[in-house]
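# Structure assessment
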Amino acid sequence: AQSVTQPDIHITVSEGASLELRCNYSYGATPYLFWYVQSPGQGLQLLLKYFSGDTLVQGIKGFEAEFKRSQSSFNLRKPSVHWSDAAEYFCAVGPTSGGSYIPTFGRGTSLIVHP
Amino acid sequence: DAMVIQNPRYQVTQFGKPVTLSCSQTLNHNVMYWYQQKSSQAPKLLFHYYDKDFNNEADTPDNFQSRRPNTSFCFLDIRSPGLGDAAMYLCATSIGDGEQYFGPGTRLTVT
């Protein structure tokens, strides 16, 4: 069975500082990996995804993530955080082509941005 | 713009009074999902449709039902809401590769 671990429940950074949110997964085949962001009272929005190819993927809002197969990780990064990035971030692992289509979500990491 | 729409955004219902939440999509995706999300938790899948094929998660209470009359619309029925059913309900769609498009959610309050 697939699983996702986001080890940090809360992360606090200062505006302008760099950010890294951790995500580790367990999956028996080549995974599809996703990062979503959720602002308070809103639905989830896709930041970026990895299906195959280049292991460094660029997303919206200046975010990027790197797939490291050897470490089973897909950490999210941003070089300079803005106050508007304060939100909940969810990592998810999904099925490969031909498999089931039910992504598994991590428990989320709450990002707090100090001015 | 193609999108996922949920109505209403806020719903207040009384304990035990049936309630229906709706979701519509203009993306023409064949997969639709309903999630329940409680505060500071990950979304919990209730059920999903692949086209008209309905799939119920094993731990989804019988109190929750769903209908998908056509590709564009999907409904979540809660037959007898309890206080523990107060949550955000999220609808999402997908072409089946795992990437999901979420609606803004319906916040359900049970009084």
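Check the entry above for the structure.
Predicted model, so just to flag it, every value in this text is computed and none were measured. Here the residue numbers are simple positions, counted from 1 along each chain's written sequence. The order in which chains are written sets their letters, starting at A; the order in which ligands are written sets their numbers, starting at 1. Residue-level local features of this predicted model are given only where pLDDT is at least 70; pairs of side-chain atoms are given and counted only at 80 or more, and the full residue set underlies all totals for whole chains, interfaces and linings. Side-chain metrics in this entry use all non-hydrogen atoms of the structure; hydrogen atoms and water are not considered.

Turning our eyes to something else, we now look at the nonpolar core. All names here are of chain A. In terms of nonpolar packing, the biggest core is built from 26 residues, with Trp35, Leu48, Phe74, Leu76 and Tyr89 touching the most fellow members. Elements represented by at least two residues in this core include exactly strand E2 (10–14), strand E3 (19–21), strand E5 (32–38), strand E6 (44–50), strand E8 (64–68), strand E9 (73–78), strand E10 (87–94) and strand E12 (109–114). Among the elements that line this core, the one with the most residues is E10, at 4 residues. Contacts: residue pairs with any heavy atoms within 4.5 Å of one another. With residues up to four places along the chain from it excluded, the contact list for Phe74 reads Cys23, Leu33, Phe34, Trp35, Leu48, Lys49, Tyr50, Val57, Ala65, Glu66 and Phe67. Note on terminology: a nonpolar core comprises buried Ala, Val, Leu, Ile, Met, Phe, Trp, Tyr and Cys residues joined through side-chain atoms within 4.5 Å. Classification of residues uses two cut-offs on accessible area relative to the type maximum, computed with a 1.4 Å probe and protein chains only: under 20% is buried, over 50% is exposed, and between them is partly exposed. A run of DSSP states H or I qualifies as a helix once it reaches four residues; a run of E qualifies as a strand once it reaches two. Both are numbered from the N-terminal end.

As a further point, take unusual backbone geometry. At the junction of Asn7 of chain B and Pro8 of chain B, the peptide bond is cis and its omega measures out at -10 degrees in the coordinates. In this fold, Pro8 of chain B is placed in the loop between strand E1 (4–7) and strand E2 (10–13). Within the chain, Lys61 of chain A stands out as a residue other than glycine whose phi angle is a positive 60 degrees. Mapped onto the elements, Lys61 of chain A comes out in the loop between strand E7 (56–58) and E8. A positive phi is found at Asp51 of chain B, a non-glycine position, where the angle reads about 55 degrees.

Every definition here rests on a 1 Å grid over the protein atoms only: cavities are sets of points where a 1.4 Å probe fits but cannot get out, pockets are open sets enclosed by protein on both sides within 12 Å along at least five of seven lines, and lining residues have some atom within 4 Å of a point. Grid points are joined across faces, edges and corners, and a volume is the space filled by probe spheres set on the points. Here the largest pocket defines a volume of roughly 370 Å³. Gln38 and Glu88 of chain A together with Gln37, Ser39 and Ser40 of chain B are the residues nearest the centre of the largest pocket, which is lined by 20 residues in total. When residues of the lining of the largest pocket are assigned to their parent elements, the largest contribution, 3 residues, is made by E10 of chain A. Gly falls in the polar group here, along with every residue not listed as nonpolar (Ala, Val, Leu, Ile, Met, Phe, Trp, Tyr, Cys, Pro) or charged (Asp, Glu, Lys, Arg). Among the residues making up the lining of the largest pocket, the classes are represented as 6 nonpolar, 10 polar and 4 charged. If you add up the space inside the second largest pocket, you get close to 290 Å³. The wall of the second largest pocket is formed by 14 residues, among which Leu44 and Gln45 of chain A together with Tyr101, Phe102 and Gly103 of chain B lie closest to the centre.

As a further point, take the packing of aromatic side chains. Aromatic rings from Phe, Tyr and Trp, taking only the six-membered ring of Trp, are treated as a pair when their centres fall within 6.5 Å; an angle between ring planes under 30 degrees marks them as stacked, one over 60 as edge-to-face, and anything in between as tilted. Per the counting criterion, the structure on display carries 18 aromatic pairs over all chains. Between the aromatic rings of Phe105 of chain A and Tyr35 of chain B, the centroid separation amounts to 5.8 Å while the plane-to-plane angle is 90 degrees, which identifies the pairing as edge-to-face. Separated into two different chains, Phe105 of chain A in strand E11 (residues 104–105) and Tyr35 of chain B in strand E4 (residues 31–37) make up a pair that spans both. The same class applies to Phe105 of chain A as to Tyr35 of chain B, namely buried. An aromatic cluster of at least three residues, connected via ring pairs, comprises Tyr32, Phe34, Tyr36, Phe51, Phe90 and Phe105 of chain A together with Tyr33, Tyr35 and Phe102 of chain B.

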